[in-house]
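This is what each chain is made of:
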Amino acid sequence: MWQVILSFLISTSFAQGFDSNKAYQDYQFSLETYTQSNSDFQKTRDFYLANKTLTLKEDTRKKLLAMLKARDQLESVYLTALRIKLLETHGQTDKIDSEIEWYKNHLMNYKDDDVVENLFAKSSEVGERYKTNTSKVSYEALFLISLGEEIELRQSHEAIYTQLKALVKDKDFFNRWFTDIDLVIQTLKQNEELAKTQIDKSYDDASETLNSSVASLNQLNKFLTEVNTSIKNQQ
Amino acid sequence: MKDKITQIFTKIWERIPQRIKDVLVKFYTNKKIFWPVTIAFSLIFFIILLGLLFGNKTRPISEIKNTPSATPAFQLPDSSSKDPNSDPLQDLKKKINDFDVKQSRLTPPTINFDIQF
């Protein structure tokens, strides 16, 4: 039932213009659904383990099936939220697209009369996929989103810098300032390249490098504000 | 004419449920309450009527004034913002402060893989 509701919500969202905020809302909805179904499953399982009857085993199987479906749906919707955000920050979506496709196909494999052993096997497929692909692709996407945002901030500052340089009359005075500004921009570009190489090995390292760029961006902003004020004073 | 009006009011009175009739009769018989209430409501109604008939129909429109804001140090010639008071460098500074490298909102959800029973 919830899948029908979610599908309806998603299709409505597409009709109204699907952006990262709408995708995030869908993700929150799926997360709540999954958390609830997982909690229901855990309770029923505990009850069954305390009192092993056939009726309780069947109840647990049904709750497990619902939870596994909600889990696949959650992964698919979460990856879609990342994909939309990636598109907004001009990142590549090839890897994430194949992951979404995998979860959508896997969700179709569940049958209402699946026996418990089949459900365990299907759950293991997801566990394996998560370990080998999904986790890596998700963190890579998170990094690419941040990298895209950082590059956009740097380029916006560079555009202002170009405009300010064109307004300068006393070139000799400002040249020393411009050298310092160029150095900060250079540092930012080096960090971007370094982080791109780090992401293949460690998300934390790549993220740390990008984090150090925040200080450089603040410095660049401060320098340009100073140049801006000086030009104004000279006029 | 008088008979016609009486007839109409009688018809209306007959349609009113007995319970409400009892309350209305009780209200009318208690003159200490009936007259003050009737006079008070009549006055309110009369004042509203006078207001509608002779009231000033044009509302005074208060002048809207923008809160004075500090002008930017320098307006960049190709600034994309149409607001003359906006400072692109200040806007970017805000974006830097809001920049979340970890993308906290989108960290992967905690998934349960322990399902054996």
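Residues numbered from 1 in each chain as written. Chains lettered and ligands numbered in written order. Predicted model: local features only at pLDDT ≥ 70, side-chain atom pairs only at ≥ 80, totals over all residues.

Some thoughts on the overall build of chain A
So, point 1. Looking only at helices and strands, one finds seven helices and zero strands in chain A.
So, point 2. Helices (α) and strands (β) of chain A occur, in sequence order from the N terminus, as α-α-α-α-α-α-α.
So, point 3. The 235 residues of chain A split such that 33% are buried.
So, point 4. Considering only contacts within chain A whose residues lie at least 6 apart along the sequence, 72% involve residues at least 24 apart. (Helix = DSSP H or I, 4+ residues; strand = E, 2+ residues; numbered from the N terminus. Buried ≥ 20, exposed ≤ 12 C-beta atoms within 10 Å, placed from the backbone. Contact = placed C-beta atoms within 7 Å.)

Some details on the overall build of chain B
So, point 1. In terms of regular secondary structure, chain B is built from four helices and zero strands.
So, point 2. Mapped from its N terminus to its C terminus, chain B presents α and β elements in the order α-α-α-α.
So, point 3. Here chain B holds 117 residues, and 7% of them are scored as buried.

Digging into the packing of helix α2 (residues 20-50) of chain A against helix α3 (residues 54-88) of chain A
Angle between the axes and distance between the axes: these two values describe a pair of packed helices.
Residue and element names in this part refer to chain A.
So, point 1. At a minimum axis separation of 8 Å, α2 and α3 run at an interaxial angle of 160°. By the angle class used here, α2 and α3 are roughly antiparallel. Between α2 and α3 lies a crossing of left-handed hand.
So, point 2. Class assignment for the residues of the contact of α2 with α3 results in 18 nonpolar, nine polar and nine charged. (Axes fitted to C-alpha atoms, helices over the stretch in contact; angles between N-to-C directions. Parallel < 35°, antiparallel > 145°, perpendicular 65-115°, else oblique. Left-handed = near helix turned anticlockwise from the far one by under 90°. Nonpolar A, V, L, I, M, F, W, Y, C, P; charged D, E, K, R; others polar.)

Remarks on the interface of chain B and chain A
So, point 1. With 25 residues of chain B in contact, the opposing surface of chain A contributes 42 residues.
So, point 2. Of the residues contributing to the side of chain B that touches chain A, the split by class is 17 nonpolar, three polar and five charged.

Here we look at helix α1 (residues 2-15) of chain B
So, point 1. Under the 1.5 Å per step criterion, the end-to-end length of α1(B) is 20 Å for 14 residues, consistent within 8% with the ideal 20 Å.
So, point 2. Taking burial as the measure, the 14 residues of α1(B) include zero buried ones, a minor fraction of the element. (Expected span 1.5 Å × (residues − 1).)

Digging into the nonpolar core
Grouped burial of nonpolar side chains is what soluble globular proteins tend to show.
Residues and elements named next belong to chain A.
So, point 1. Counting 32 residues, the largest nonpolar core has Tyr78, Ala81, Leu82, Ala141 and Phe143 as the members making the most contacts within it.
So, point 2. At the level of secondary structure, the elements contributing two or more residues to this core comprise α2, α3, α5 (116-167) and α7 (203-234).
So, point 3. The leading source of residues in this core is α3, at 13 residues.
So, point 4. The residues that make up this core include at least three from each of domain 1 (2-146) and domain 2 (148-234).
So, point 5. Ranked by size, the runner-up nonpolar core spans 12 residues in total, among them Leu164, Leu217, Leu224 and Val227. (Core = buried A, V, L, I, M, F, W, Y, C linked by C-beta atoms within 7 Å. Domains from an automatic or database assignment.)

Describing the packing of α5(A) against α7(A)
Residue and element names in this part refer to chain A.
So, point 1. Packing of α5 against α7 brings their axes to within 10 Å, and their N-to-C directions diverge by 15°. Between α5 and α7, the crossing angle belongs to the class labelled roughly parallel. For the element pair α5 and α7, the recorded crossing hand is left-handed. Taken together, the residues of α7 that come into contact with α5 (itself represented by Tyr139, Phe143, Ser146, Leu147, Glu150, Leu153, Arg154, His157, Ile160, Tyr161, Leu164 and Leu167) are Tyr203, Ala206, Ser207, Leu210, Ser213, Leu217, Leu220, Asn221, Leu224, Val227, Asn228 and Ile231.
So, point 2. When the residues that make up the contact of α5 with α7 are grouped by side-chain class, the tally is 16 nonpolar, six polar and two charged.

Examining the environment of A:His90
So, point 1. Looking at where A:His90 falls in the secondary structure, it is placed in the loop between α3 and α4 (94-108).
So, point 2. Taking the C-alpha atoms as reference points, A:His90 and A:Gly148, separated by 58 residues in sequence, lie 6.6 Å from one another.

A short note on α2(A)
So, point 1. Over its 31 residues, α2(A) runs 45 Å from end to end, which matches the ideal 45 Å to within 8%, given 1.5 Å per residue.
So, point 2. Three or more residues of α2(A) are buried, namely A:Ala23, A:Asp26, A:Tyr27, A:Ser30, A:Thr33, A:Tyr34, A:Ser37, A:Asn38, A:Phe41, A:Thr44, A:Arg45 and A:Tyr48.

Description of the environment of A:Leu188
So, point 1. Considering the arrangement of structural elements, one finds A:Leu188 in helix α6 (residues 171-198).
So, point 2. Every residue in contact with A:Leu188, bar those within four places of it in the chain, is listed here: A:Arg154, A:Ser213, A:Ser216 and A:Leu217.

Things to note about the confidence of the model for chain B
When pLDDT drops low, the exact placement of atoms in the prediction is not to be read closely.
Residues and elements named next belong to chain B.
So, point 1. Averaged over chain B, the pLDDT score is 79; the fraction of residues at 70 or greater is 74%.
So, point 2. Predicted confidence in chain B is weakest over α1, with a mean pLDDT of 82, and strongest over helix α4 (residues 88-98), with 94.
So, point 3. This prediction of the complex comes with two scores: 0.70 for pTM and 0.78 for ipTM. (pLDDT = per-residue confidence, 0-100.)

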